[in-house]
Amino acid sequence: MTWKEILAPIKNSEYFTTLRKKINEEYAKNICFPPKKQIFRALELTPFDEVKVVILGQDPYHNDFQANGLCFSVR
């Protein structure tokens, strides 16, 4: 299975729609990290079938070009 298939059932849910709207509002009003196109970078780089553990993190990025969409990672 792919991440796209796994997430398909919730993609159009009220929860996910509300979350997407909130994310878009935050990126429109504030400086946010990582860049919007890299929010799901971990899912793009790691096939679902190879995932053993998922770690969610919130890192305190202070400057541009530090956050890259991967927890506990900088360029």
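Quick note: structure is the one above.
Residues numbered from 1 in each chain as written. Predicted model: local features only at pLDDT ≥ 70, side-chain atom pairs only at ≥ 80, totals over all residues. Heavy atoms only, no water.

## Some remarks on the overall build of the chain
Counting secondary structure elements, the chain contains three helices and zero strands. The helix and strand sequence of the chain, counted from the amino end, reads α-α-α. Considering only C-alpha atoms, the chain reaches an extent of 35 × 30 × 15 Å along its principal axes. The burial tally for the chain puts 11% of its 75 residues in the buried class. In the chain, the share of contacts with a sequence separation of at least 24, taken over all contacts with a separation of at least 6, comes to 48%. When the accessible surface of the chain is split by element, carbon and sulfur atoms take 60% of a total near 6,500 Å². For the chain, the distance from the average position of its 11 positive side-chain charges to the average position of its 9 negative side-chain charges is 5 Å. (Helix = DSSP H or I, 4+ residues; strand = E, 2+ residues; numbered from the N terminus. Buried < 20%, exposed > 50% of the residue type's maximum accessible area, 1.4 Å probe, protein only. Contact = heavy atoms within 4.5 Å. Areas by Shrake-Rupley, 256 points an atom, 1.4 Å probe, with all protein chains shown as cover. Lys, Arg positive; Asp, Glu negative; His and termini not counted. Charge placed at Lys NZ, Arg CZ, Asp CG, Glu CD.)

## Notes on the pattern of salt bridges
All told, the structure shown has one salt bridge when counted by the stated rule. The partner of Glu26 in a salt bridge is Lys22, with the nearest N and O atoms 3.0 Å apart. Pair noted here: Glu26 and Lys22 are both in helix H2 (residues 14–29), with a separation of four residues, about one helical turn. (Salt bridge = Lys/Arg side-chain N within 4 Å of Asp/Glu carboxyl O.)

## Digging into the environment of Thr46
Residue placement: Thr46 occurs in the segment after helix H3 (41–45). The spacing of Thr46 and Trp3 is 43 residues in sequence and 9.1 Å in space, taken between C-alpha atoms. In this view, Thr46 contacts Trp3 and Val51; residues no more than four positions away in its chain are not counted.

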